[in-house]
Amino acid sequence: MAGTRLDRWHGAYSRRASGMTASAIRALFAVANRPEVVSLAGGMPTLEALPLDDVAEVAARCVRDDYAASLQYGSAQGDPVAREQVTDVMRDVAVSCHPDEVVMTTGSQHALDLLTRIMVDPGDVVLVESPSYVGALGVFRSYEAAIVHLPTDHAGLDPEAVVTAVRRERDRGRRVKALYVVPHHQNPSGGTTSIERRQRLVELCREERVLLVEDDPYAHLGFSSDPLPAMQSMDPETVVYLGSFSKTFAPGLRVGWVLAPTAIRAKLVLAAEASVLCPSAFGQRFVASYLASTDWRSRVKVLREVYRERRDAMLEALDRYLPAASYTRPAGGFFTWVDLPDGIDGAAMLPRAVQGRVAYVPGTAFFDDDQGGSHVRLSFCFPPPERITEGVRRLAAVVDSELELREAFGDALTDSPLATHEHGNVDRPPTDTT
Ligand SMILES: Cc1ncc(COP(=O)(O)O)c(C=O)c1O
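Residues numbered from 1 in each chain as written. Predicted model: local features only at pLDDT ≥ 70, side-chain atom pairs only at ≥ 80, totals over all residues.

A.B. asks: Break down the site of the ligand for me, citing the residues and quoting the values.
C.D. replies: Looking at the ligand, there are 15 residues lining it, with Gly107, Gln109, Ser244, Ser246 and Thr434 nearest. For the shell around the ligand, the element with the highest residue contribution is helix α5 (residues 107–119), accounting for three residues. Residue composition of the shell around the ligand, grouped by class: four nonpolar, ten polar and one charged. (Near = placed C-beta within 6 Å. Helix = DSSP H or I, 4+ residues; strand = E, 2+ residues; numbered from the N terminus. Nonpolar A, V, L, I, M, F, W, Y, C, P; charged D, E, K, R; others polar.)

A.B. asks: Which residues make up the packing of helix α4 (residues 80–91) against helix α10 (residues 281–293), and what values do they have?
C.D. replies: With their axes 8 Å apart at the nearest point, α4 and α10 run at an angle of 45 degrees to one another. Judged by the inter-axis angle, α4 sits oblique to α10. Viewed along their axes, α4 and α10 form a crossing whose handedness is left-handed. Every residue of α10 that contacts α4 at Val81, Ala82 and Gln85 is listed here: Gln284, Arg285, Val287, Ala288, Leu291 and Ala292. Tallied by class, the residues present in the contact of α4 with α10 amount to six nonpolar, two polar and one charged. (Axes fitted to C-alpha atoms, helices over the stretch in contact; angles between N-to-C directions. Parallel < 35°, antiparallel > 145°, perpendicular 65-115°, else oblique. Left-handed = near helix turned anticlockwise from the far one by under 90°. Contact = placed C-beta atoms within 7 Å.)

A.B. asks: Residue-level account of the pairing of strand β10 (residues 256–259), with values.
C.D. replies: Of the two faces of β10, the one lined by Gly256 and Val258 and the one lined by Trp257 and Leu259 are each fully buried. Two strands pair when backbone bridges link them, and strand β2 (residues 102–105) and β10 are joined in this way by four bridges, in the antiparallel orientation. Pairing of valine 103 across the sheet is with valine 258, part of β10. One ladder, built from four bridges, connects strand β9 (residues 239–244) with β10; its direction is antiparallel. (Buried ≥ 20, exposed ≤ 12 C-beta atoms within 10 Å, placed from the backbone. Pairing = 2+ DSSP bridges.)

A.B. asks: Describe in detail the nonpolar core, supporting the description with residues and values.
C.D. replies: Formed by 116 residues in total, the largest nonpolar core has its most connected members in Leu127, Leu179, Leu212 and Val258. There are two domains that each give this core at least three residues, and those are domain 1 (22–49 + 299–412) and domain 2 (52–293). Each residue touching leucine 179, except ones within four places of it in the same chain, is listed here: Leu127, Val162, Cys205, Val210, Leu212 and Val213. (Core = buried A, V, L, I, M, F, W, Y, C linked by C-beta atoms within 7 Å. Domains from an automatic or database assignment.)

A.B. asks: I'd like a rundown of unusual backbone geometry, residues and numbers included.
C.D. replies: Geometrically, the link from serine 130 to proline 131 is a cis peptide bond, its omega value of 0 degrees lying close to zero. Looking at the element boundaries, proline 131 is found in the loop between β3 (125–128) and α6 (134–142). Cis geometry marks the peptide bond from asparagine 187 to proline 188, where omega comes out at 20 degrees. Assignment of secondary structure puts proline 188 in the loop between β7 (176–181) and α8 (195–208). A positive phi angle, near 65 degrees, is found at alanine 94, a position not held by glycine. Take alanine 94: it is sitting in the loop between α4 and β2. Phi at leucine 277 is positive, roughly 65 degrees, even though this residue is not glycine. Relative to the assigned elements, leucine 277 resides in the loop between α9 (262–276) and α10. Overall, the presence of 11 C-beta atoms within 10 Å leaves leucine 277 in the exposed class.

A.B. asks: Summarise the sheet that holds strand β4 (residues 146–149); cite the residues concerned and give the values.
C.D. replies: Spatially, seven strands are ordered β2-β10-β9-β8-β7-β3-β4 in an open sheet, and the strand pairing comes out mixed. Each having just a single partner strand, β2 and β4 make up the two edges of the open sheet. Neighbour-to-neighbour, the strand axes of the sheet open up by a mean angle of 20 degrees, direction not taken into account. One ladder, built from four bridges, connects β3 with β7; its direction is parallel. Pairing of valine 125 across the sheet is with valine 176, part of β7. In this fold α5 packs onto β2, β7, β8 (211–215), β9 and β10, with an angle of close to 155 degrees to the strand it touches most, β9. Helix-sheet contacts for α9 involve β2, β9 and β10, and the interaxial angle to β2 is about 25 degrees.

A.B. asks: Before we move on, could you go through the sheet that holds strand β12 (residues 335–339) and cite the residues and values that matter?
C.D. replies: One open sheet holds the four strands; their spatial order is β11-β12-β15-β14, and the pairing between them is antiparallel. Both edges of this open sheet fall to β11 (326–327) and β14 (361–362), since each of them pairs with a single strand only. In the sheet, β12 pairs with strand β15 (residues 375–379) via five bridges, with the strands oriented antiparallel. Counted as the bridge partner of valine 338 is valine 376 from β15.

A.B. asks: Lay out helix α13 (residues 385–409) with the relevant residues and their values.
C.D. replies: Note: α-helices contain 3.6 residues per turn, so residues at a spacing of three or four share the same orientation. The terminal C-alpha atoms of α13, which comprises 25 residues, lie 36 Å apart, in line with the 36 Å expected from a rise of 1.5 Å per residue. Of all the positions in α13, only Ile388, Gly391, Val392, Leu395, Ala396, Val398, Val399 and Glu402 are classed as buried. The inward-facing, buried residues of α13 abut β1 (38–39), α11 (296–321), α12 (346–355) and β13 (358–359). Just downstream of α13 lies glycine 410, where phi reads positive at about 60 degrees. (Expected span 1.5 Å × (residues − 1).)

A.B. asks: Help me get a handle on the domain arrangement of the protein chain, residues and values and all.
C.D. replies: Domain assignment breaks the protein chain into domain 1 (22–49 + 299–412) and domain 2 (52–293). Here the C-alpha centre of domain 2 lies 27 Å away from the C-alpha centre of domain 1. Contributions of two or more residues to the side of domain 1 that touches domain 2 are made by α11 and β12. The leading source of residues in the side of domain 1 that touches domain 2 is α11, at five residues. Tallied by class, the residues present in the side of domain 1 that touches domain 2 amount to twelve nonpolar, eight polar and six charged.

Set out below in structure tokens:
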């Protein structure tokens with residue numbers, strides 16, 4: 001309703017709010033959340049593998065023995081004990097840092113928001129992968145950035161395309177502020193940026209004076225590999241690193257962190273103070289205490305096993321039921337990126353898929369331009385393996401009937417209202433923004 005005459009406040013919104021529009025697809029997700037629908041849409045981590053008794057004990061201790069810190073306001077930069085724990089986690093991605101260099105945030109989504117707030121004016125360019133994380137695109141749009149997608153393959157962004165884009169945008173008189181990359185098991189493609197590409201991207205960003213934003217929530221979730229060195233370890237003055245405990249512990253706690261060059265860090269803290277005063281003290285003390293008192297790395301190994309089994313179930317089902325599509329074979333994380341058989345529009349097909357009791361996120365959600373129509377993102381993180389198999393089987397049946405329809409009616413079908421790829425009006429469902 002926002003932006004229509006039915007809204008009494010139409011005309012009162014800020015300019016930046018005009019980019020915040022819901023799509024027809026959003027409404028479908030209310031239906032997709034029904035139990036009879038297999039949702040391969042959301043990016044919710046599984047919580048089954050958590051040692052719940054230990055977690056409950058940690059929570060109890062936070063209240064009983066630590067209330068003076070955990071239930072009180074804290075500093076805008078974050079709790080010192082949590083920052084100390086983060087330095088230990090960062091060693092896994094080859095970064096050695098001091099707690100004073102860490103800023104805690106309300107999940108990495110908040111870090112993205114704060115960073116964009118302090119770096120980007122309307123019309124400034126942010127370079128992103130193709131496809132890119134829907135939640136980051138939402139933030140960039142809300143600050144009226146000009147989002148430019150760059151060619152990306154199985155090894156990550158094409159570095160030479162970065163140089164070409166930076167020069168082209170500067171020639172057009174635009175300021176290129178940042179390059180945004182999800183380097184491990186990307187959301188939505190599942191791809192990982194190779195070590196050579198990481199080095200080259202860091203080099204280019206340094207030379208071109210473009211801030212490299214490394215958003216790395218899936219680093220620990222490689223199925224058979226340890227994380228690669230973070231780009232931040234290659235040049236801490238050029239790269240801002242965003243981390244999160246959402247995928248390795250629990251997203252409900254909303255605890256993430258940032259490592260940034262000193263001057264940027266100071267501004268981030270000021271922006272955080274203006275935004276939330278301080279991140280949740282309870283969440284931070286909870287996470288810090290969990291990390292300090294449990295063998296959390298072993299728990300992450302268990303998680304990796306759970307997700308590997310689900311990834312296998314998804315790929316086996318795709319191989320079996322949807323051989324006409326092509327898809328990525330992620331080595332970690334939550335998602336596979338599916339290229340549908342020729343002529344099928346993922347957004348237009350979604351209502352029929354939901355009617356067929358399966359949901360996914362259309363590829364258009366991961367672009368700010370008109371790409372992604374023939375793709376969908378399938379997530380294997382939440383449903384158990386047998387539900388994943390059933391979901392893919394249902395999806396294949398919908399694709400088959402779509403192909404039959406296409407054969408019968410041809411292009412007339414592309415007139416569906418959901419087949420549009422309008423900018424800023426693609427899928428941003430309320431519970432599936434991850
Ligand atoms: C690439 C990426 N960045 C950031 C986030 C947000 O994570 P957080 O829960 O830490 O805000 C997500 C969540 O799915 C994500 O996939």
